[in-house]
There are 4 protein chains.
Amino acid sequence: MFIELDLQSETPLYEQLINQLIEGIASGALKPGDPLPSVRNLAENLGINLHTVNKSYTLLKQEGFLQVHRKKGVIVQPDAMPGVTAEFEAKLFRQLRSLAAEAAVRGMTEEAFVKQCRRLYGDTLMKRGGDGQ
Amino acid sequence: MFIELDLQSETPLYEQLINQLIEGIASGALKPGDPLPSVRNLAENLGINLHTVNKSYTLLKQEGFLQVHRKKGVIVQPDAMPGVTAEFEAKLFRQLRSLAAEAAVRGMTEEAFVKQCRRLYGDTLMKRGGDGQ
Amino acid sequence: MFIELDLQSETPLYEQLINQLIEGIASGALKPGDPLPSVRNLAENLGINLHTVNKSYTLLKQEGFLQVHRKKGVIVQPDAMPGVTAEFEAKLFRQLRSLAAEAAVRGMTEEAFVKQCRRLYGDTLMKRGGDGQ
Amino acid sequence: MFIELDLQSETPLYEQLINQLIEGIASGALKPGDPLPSVRNLAENLGINLHTVNKSYTLLKQEGFLQVHRKKGVIVQPDAMPGVTAEFEAKLFRQLRSLAAEAAVRGMTEEAFVKQCRRLYGDTLMKRGGDGQ
DNA sequence: GTGGTCTAGACCACC
DNA sequence: GTGGTCTAGACCACT
């Protein structure tokens, strides 16, 4: 498993897990239709409680990234992934604006900031070639 | 006052306040050496608790964005703003990676993502010319 | 076979099966006295477990929609279908009230709601004329 | 409190609670902006666990029926209620079709069925005059 | 064995 | 005081 949680972090475990699963999908490590580990299994591997994993899975299901399949258990959305919803745009907007403002105040130039953005988007996907579909 | 808090938001009030003050500095609405409203005053204007404003100010002072001035009270850092610390880089990295991954999964192209990043950085600074509307 | 199960649905398979068989009877696709596929056969065709089909049949027999026939195996109730029992009325009441309330809150007018109800009842029976496509 | 849970029912407690809260909104007993009891408080009154109430509230928040207000606690959506989404239409369709089919097979006429639908929609709203806005 | 539900008790952040 | 998070342990329905 490629997942690593930071027990000291201030971001909740279930949220870290959500982020890492989405990154897994983005990178191609998790492909549409792939089965995920069972809640119990993953919880044990990560050394956390079953309910915490369950919460992450549930939220990802509600968002449409995951599905429960009656035979395969929990799987990655095999059909269309959720698109760019208004909620996501709002979240993106809010978070980017804060980050950009702080970066600017701290003296980071626009080019440095944008370069970092591009790099992180690219990193995410680059692994696809070596690893995914 | 250019500050607007969203009582329905999931972001804590003190954090919203921090963000908006930093955005105010980035845009030039708040310039180095400018005095900020007193804790009591701002709390009253925003209709929130003293403690909340206090917490925001304290954290911003700790980070080096604000200072206490004998006569003017709390002012915007008149000397060098805090630079790009390791903590900030880590935060930037973590948050951007999550956002980029989700954007990618949702089908947002790299160009669209980067464009949005640049736009939000630019928006922040553009107001500087106008000197703080 | 006119039955289609959704493995991603939150409704249990045995319940989906029950619903579709009742809809089959309602539409006339299954007529009183008609034999049903054997448990084994149907399970194989649908790609699901024997137990699941068995559970559906058993419950439908208990309710009186199906019967066991010495020679034909399981058949559709050839005599009087079960009537409007107190249990059914209670279920109908409970579910309709919830749906109606949510529809109302979501801004669906009474006429739109009732129209939908009538349409779905009508759809079910209209196929009867065609005798079970 | 107007809420009554059936501990024997096969429908989960949190779902019963959700339904009753929506019915409360539909009837006008709960008006936009009204504060709801705290999770602890309601849980105690209903004799169930805090987490069960929490789950109901959380789901209703996600759907947009409720909001957390930083000062008033949990309140009924003060702005626009969620409209008729595709998911709701699908749910309505699925459930009504099953109910209609079973009603038809049990010998309930279209008029009797539709009348019941209209009655339950009406009941829900009628209380508004006496009780609500 | 799976996911789903419920309970119980604890700690924390926020206001 | 509030809601949010996490843990622990239990039972059930479904396949």
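Residues numbered from 1 in each chain as written. Chains lettered and ligands numbered in written order. Predicted model: local features only at pLDDT ≥ 70, side-chain atom pairs only at ≥ 80, totals over all residues. Heavy atoms only, no water.

Student: In this structure, what is going on with the protein's contact with DNA strand F? I would like to understand it.
Tutor: Neighbouring DNA strand F are 22 residues; Leu13, Tyr14, His51 and Thr52 of chain A together with Lys55 of chain C lie closest to it. For DNA strand F, the fraction of atoms within 4 Å of the protein that belong to sugar or phosphate moieties is 67%. Residue His51 of chain A places a side-chain N or O atom 2.5 Å away from a base oxygen belonging to DNA strand F. His51 of chain D places a polar side-chain atom, nitrogen or oxygen, 2.8 Å from a base nitrogen of DNA strand F. Broken down by class, the residue content of the surface near DNA strand F amounts to ten nonpolar, seven polar and five charged. (Near = heavy atom within 4 Å. Polar contact = N/O pair within 3.5 Å; in protein donor to acceptor, adjacent residues only side chain to side chain. Nonpolar A, V, L, I, M, F, W, Y, C, P; charged D, E, K, R; others polar.)

Student: Explain the interface of chain A and chain B here, please?
Tutor: Quite often, the size of an interface is put as the accessible area lost when its parts meet. Between chain A and chain B, the residue contacts involve 42 residues of the former and 42 residues of the latter. Between chain A and chain B, a total of about 4600 Å² is buried, with carbon and sulfur atoms accounting for 67% of that surface. Among the residues of chain A in contact with chain B, Val105, Arg106 and Tyr121 of chain A are the three that bury the most area, contributing 19% of the side total. Where chain A packs against chain B, one counts ten salt bridges. Notably, a salt bridge pairs Lys91 of chain B with Glu102 of chain A, separated by 2.9 Å at the nearest N-O pair. On the surface where chain A and chain B come into contact, there are 17 residue pairs in polar contact (both at pLDDT 80 or more). The leading source of residues in the side of chain A that touches chain B is helix 4 (residues 86-105) of chain A, at 15 residues. For the side of chain A that touches chain B, a count of residues per class yields 24 nonpolar, eight polar and ten charged. (Contact = heavy atoms within 4.5 Å. Buried area = accessible area lost by both parts, 1.4 Å probe. Salt bridge = Lys/Arg side-chain N within 4 Å of Asp/Glu carboxyl O. Helix = DSSP H or I, 4+ residues; strand = E, 2+ residues; numbered from the N terminus.)

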